[in-house]
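# Summary of structural features
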Amino acid sequence: MPSICFYFQVHQPFRLRHYTVFDQDHRYFDDFKNKSICQKVANKCYLPANRVILDLIRKHEGKFKVAYSITGVLLEQLADYAPEVMSTFDALARTGCVEFIAETYYHSLSFLYSRGEFRDQIFKHMDAIETLFGQRPKVFRNTELIYSNDLAAELESMGIFDGVITEGADRILWGRSPNFLYKPPREGKIKILLKNYALSDDIAFRFSNRGWNEWPLKAEKFTNWVNQINGNGYVVNLFMDYETFGEHQWADTGIFDFLRHLPEEILRHPDNSFKTPSEAIASYPATDIVDVPGLISWADTERDVSAWLGNAMQSNALHEIYRMEQTVKKTGDKTLLADWRKLQTSDHFYYMCTKWFSDGDVHKYFNPYDSPYDSYINFMNIMNNMEKRCGKKPRGRKKSVETEQAANSII
Amino acid sequence: MLGWEFPPFISGGLGTACYGLTKAMSKLGLEITFILPRMIRTGNLSTHINLKTPGDIKGDFQSEWETQEIRNLKIRTIDSPLKPYATAHTYQDEIEEIIRSKQERITGITKDENLQDNGHYAGDMYAEVHRYAAAAVKLAMQESFDVIHAHDWMTYSAGVAVAAVSGKPLVIHVHSTEFDRSGEHVNQMIYNFERAGMHAADKIIAVSYLTKNIILSRYGVSGDKVEVVYNGIEKNGNGLGLGKIGISRDEKIVLFLGRITMQKGPEYFLGAAKKVLEVIDNVRFVMAGSGDMMKRTIELAAQLGIGSKVMFTGFLRGEDVRKVYERADLYVMPSVSEPFGIAPLEALNNDVPVLISKQSGVSEVLTHVLKADFWDVNEIANKIVAVLKYPPLQMTLKEHGNYEVRKLRWEDAAEKCKQVYNQVINEAVCV
């Protein structure tokens, strides 16, 4: 009787252009690269995957359902570079079998640094989703599934969400199953959906791995695994990057065929069903409390935030950008504000990660820079320029004296 | 083993490499006789190795000395003015100086047989290489050994000669090629020595894939003959040097340490310095080293109008090197072509972050460093400024760089050389 809850993360950052200390203009983003990547991923993933999902929804007459979280920064890029993708998402929205999840518009780490900014970005995202797809999200997912008790409390106090999505990390479950719904320690209406990382990663990471003893993975085999849960759980949460289909796992691995056949196999068993996150939350009670005092995420083997906050450069860069919040906002300059917010996207900090030796391959694959040091230098050079745009000299910190001198000598 | 230089008589990375490699090899139980084409003067001996004054090779075993630090290593020297980085026209000066110093010794120490030696010095490098080869053969006949290991072009002929006489397999170790040292303006004579040595060798050890590629493409050697063995580094830095952070100094120091020659790209260093100074004022550029471009480089600094910000220290060794590292905020190696480059490892060992050119062998093994194309002066300057301006960058580079450099050990290099030896010995037996 388990339900399957498919949820796809759809995101591309605004990548930065090579920006040296000698650059003085305000063009921070690599439009050419962003356009070509956006169009490449649209052709390899978004368009074919949307087509498959749309066909499946029609074929199964409302029994196949999925959920998406599309970041604001990607929506902007799609509108400019691949508008045809927008219309296919619109078609999906009209089927009534697709739920859109809320997150921070800029895919940011603002929850950790500025609660005001965090809320602003959520509202901006929800407004965008409502305008584009005609539904106001009721479930929230934080950037990279970063979660803690504090996040649940913050969402509860906002009063607009029924649930939140995060990682079914071992260290918060203590042997319990991720296939039940949970609630945070503090009383409230929010329920927690936990990612079944074993089954999710079978698709997202291991699908094409020929060294894996389950290779090749077929829909029948996967359905077997799902059916084994019968009686021990309500819902199997399969959460993954949408780019899994066609981009991380290329079409020739058979990933689209897998997707095409999976609903049929799952629905063969009369007890099985597909549910969106909101439906799962409405259908099932929370069975237990999960206590998450520290931060978790869905990244790397550590399932923590060390991919964004693991070294001095990352914490410095994050500190610097949020230190500028009031200065930027006071200028009333909308372009400046948008630039500042695009720079908050978590990817920029991920590129600065130095944990190369254990998680090296994944980090390198997504990294447009040769090294984490290059990405930090680039980011900080832009920060410096932005600070000058605010018309204010950097305050307080001793190291900024040179920045000031530099600013003076350039002006 | 046939080499050019050995501490403390060094002018570049080769001596350091031979020292580290032989030390690690002796730990593996390999017995090494090291033959140097160097004249050693009693006046300027340093203390950390027990040296004996070399006598005439035709004489008794006076030319033999053993180090205290390295067991299993015997060093023998041949009086010769060969110098690793010399060019043909500096050779003549060298000869004259040797004759002069011999005369001093004669008056001071009174060793008559040295007088006769003067007649043996040939008038040009070409002949000198052959004279060294002949002397090495004589020495080799007094020794027993299984493999001949020759370091860089000046010893290749000696290696080939010893191999021919003894019938033992020859391994040549390429630390640098003529294309690295001279760009496209190669000295044909040196190239011929290198090419002949490479083709005569049973196996070639290259210090990086960069060098291996040059050996394959420029010298026409087949790929399966060339093994890459990266250099290592001895752990001798303070290691805990993070203490440097927080000490506020008025002036930042950016360091160039190496021979000031075309190969090392001193003009790119100055070009970047000029750009850095447009943005940051309180920084000084230190160029430690000497070389044939020194004069031109000093003039260039003046031309660029940054003369007061650039300091030339001349060639540094030992304690002075340590001191300059202690003061430096960043080490820059803008080499045009660097087969390996041990100096950046030493800088990291001393907790100095490094910026190296992508055209260096060492960039194949280091990830926690900054890299730029040697010609991209703008990018070099951009990265220098970043290191001086953003303390967390310097900190992270130090932290990870120091850790990474510890994994490059001479023991591993020695082990690989040993494998190469076993290979050539076995092949020799089969044939």
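The rules behind the values
Residues numbered from 1 in each chain as written. Chains lettered and ligands numbered in written order. Predicted model: local features only at pLDDT ≥ 70, side-chain atom pairs only at ≥ 80, totals over all residues. Heavy atoms only, no water. Helix = DSSP H or I, 4+ residues; strand = E, 2+ residues; numbered from the N terminus. Rg over C-alpha atoms; globule rule 2.2 N^0.38 Å. Buried < 20%, exposed > 50% of the residue type's maximum accessible area, 1.4 Å probe, protein only. Contact = heavy atoms within 4.5 Å. Areas by Shrake-Rupley, 256 points an atom, 1.4 Å probe, with all protein chains shown as cover. Lys, Arg positive; Asp, Glu negative; His and termini not counted. Charge placed at Lys NZ, Arg CZ, Asp CG, Glu CD. pLDDT = per-residue confidence, 0-100. Buried area = accessible area lost by both parts, 1.4 Å probe. Salt bridge = Lys/Arg side-chain N within 4 Å of Asp/Glu carboxyl O. Polar contact = N/O pair within 3.5 Å; in protein donor to acceptor, adjacent residues only side chain to side chain. Core = buried A, V, L, I, M, F, W, Y, C linked by side-chain atoms within 4.5 Å. Domains from an automatic or database assignment. Phe/Tyr/Trp six-rings, centres within 6.5 Å; stacked < 30°, edge-to-face > 60°. Lys NZ or Arg CZ within 6 Å of the ring centre and 35° of its normal. Pairing = 2+ DSSP bridges. Axes fitted to C-alpha atoms, helices over the stretch in contact; angles between N-to-C directions. Nonpolar A, V, L, I, M, F, W, Y, C, P; charged D, E, K, R; others polar.

This part covers the overall build of chain A. Check the secondary structure of chain A and you find 19 helices and 10 strands. Against the 2.2 N^0.38 benchmark of 22 Å for 411 residues, chain A shows a C-alpha radius of gyration of 22 Å, consistent with a compact globule. Its C-alpha atoms give chain A principal-axis dimensions of roughly 75 × 45 × 45 Å. Here chain A, with 411 residues, has 61% of them falling under the buried criterion. Long-range pairs, those at least 24 residues apart, make up 76% of the contacts in chain A with a sequence separation of at least 6. About 16,000 Å² of surface is accessible on chain A, with carbon and sulfur atoms providing 50% of the total. Of the side-chain charges in chain A, 50 are positive and 54 negative, and the distance between the mean point of each set is 3 Å.

Within chain B, the regular secondary structure consists of 15 helices and 13 strands. Looking at chain B as a whole, 58% of its 431 residues qualify as buried. Considering only intrachain contacts with a sequence separation of at least 6, the fraction spanning at least 24 residues in chain B is 69%.

Here chain A averages 91 in pLDDT, and 92% of its residues register 70 or above. Long-range and interchain partners of residues 393-404 of chain A, a stretch whose pLDDT sits below 50, account for 22 contacts in this model, where long-range means more than four residues apart.

Let us now look at the interface of chain B and chain A. On the chain A side, the residues contacting the 30 residues of chain B number 26 residues. Buried area between chain B and chain A, both sides added, is near 2,500 Å², and the carbon and sulfur share of it is 63%. Summed over the shared surface of chain B and chain A, the result is two salt bridges. The salt bridge partner of Asp370 of chain A is Lys358 of chain B, with a shortest N-O separation of 3.7 Å. Counting across the interface, chain B meets chain A through nine residue pairs in polar contact (both at pLDDT 80 or more). Of all the secondary structure elements, the ones that give two or more residues to the side of chain B that touches chain A are helix 9 (266-279), helix 13 (377-389) and helix 14 (391-405) of chain B. Considering every element that reaches the side of chain B that touches chain A, the biggest residue donor is helix 13 of chain B, with nine residues.

Core analysis: the largest hydrophobic core is formed by 94 residues, its most contacted members being Met25, Trp153, Ile172, Ile204, Leu255 and Tyr331 of chain B. In terms of residue count, the dominant contributor to this core is helix 4 (residues 125-141) of chain B (nine residues). When residues of this core are sorted by domain, at least three fall in each of domain 1 (13-232 + 411-430) and domain 2 (241-405) of chain B. Look past the residues within four positions of Tyr331 of chain B in its chain and what remains in contact with it is Leu255, Leu257, Tyr325, Ala343, Pro344, Ala347, Val352, Pro353, Val354 and Leu355 of chain B. Counting 76 residues, the second-largest nonpolar core is a separate cluster that includes Leu16 and Phe349 of chain A together with Leu270 and Ile380 of chain B.

Turning next to the packing of aromatic side chains. Residues and elements named next belong to chain A. All told, the structure shown has 44 aromatic pairs over all chains when counted by the stated rule. The structure contains a cluster of three or more aromatic residues connected by ring pairs, namely Phe6, Phe8, Tyr46, Phe64, Tyr68, Phe89, Phe100, Phe133, Tyr242, Phe245 and Phe274. A cation sits over an aromatic face here: Arg303 above Tyr197, 4.5 Å from the ring centre.

Residues and elements named next belong to chain B. Residue placement: Lys212 occurs in helix 8 (residues 209-219). Although Lys212 lies buried, it forms no salt bridge, and the closest oppositely charged side chain, Glu227, sits 6.7 Å away as judged by the N-O distance. At a separation of 3.3 Å, a polar atom in the side chain of Lys212 contacts the main-chain carbonyl oxygen of Val226. Ignoring sequence-local partners within four residues, the contact set of Lys212 consists of Ala206, Gly223, Val226 and Val228.

The next point concerns the domain arrangement of chain A. Residues and elements named next belong to chain A. Here chain A is partitioned into domain 1 (3-289) and domain 2 (306-410). Each of domain 1 and domain 2 has a C-alpha centre, and these two points are 27 Å apart. With 36 residues of domain 1 at the interface, the matching set in domain 2 holds 31 residues. Summed over both partners, the interface of domain 1 with domain 2 comes to about 2,900 Å²; 59% of that surface belongs to carbon and sulfur atoms. Residue Glu117 pairs with Arg341 through a salt bridge whose shortest N-O separation is 2.7 Å. For the interface between domain 1 and domain 2, the tally reads 16 residue pairs in polar contact (both at pLDDT 80 or more).

Let's shift gears to the sheet that holds strand 6 (residues 203-206) of chain B. Residue and element names in this part refer to chain B. The strand order 4-5-6-7 describes an open sheet built from four strands, whose pairing is parallel. The open sheet has two free edges, formed respectively by strand 4 (148-151) and strand 7 (226-228), since each of these has just one partner strand. Each adjacent strand pair in this sheet contributes to an overall mean axis angle of 25 degrees, direction not counted. Sheet contacts for helix 8: strand 5 (170-174), strand 6 and strand 7; angle to strand 7, the most-contacted strand, approximately 165 degrees.

Here we take up the domain arrangement of chain B. Residue and element names in this part refer to chain B. Each assigned domain of chain B is listed with its residue range as follows: domain 1 (13-232 + 411-430) and domain 2 (241-405). Each partner contributes to the interface: domain 1 provides 18 residues, whereas domain 2 provides 15 residues. Carbon and sulfur atoms supply 63% of the area that domain 1 and domain 2 bury against each other, a total of about 1,300 Å² over both sides. Three residues stand out in domain 1 for area buried against domain 2, namely Asp180, Leu210 and Tyr230, and they jointly supply 37% of the buried area on that side. At the surface where domain 1 touches domain 2, the tally comes to zero salt bridges. Counting only elements with at least two residues in the side of domain 1 that touches domain 2, the list comes to helix 1 (13-27), helix 6 (178-182) and helix 8. Split into classes, the residues belonging to the side of domain 1 that touches domain 2 amount to six nonpolar, 10 polar and two charged.

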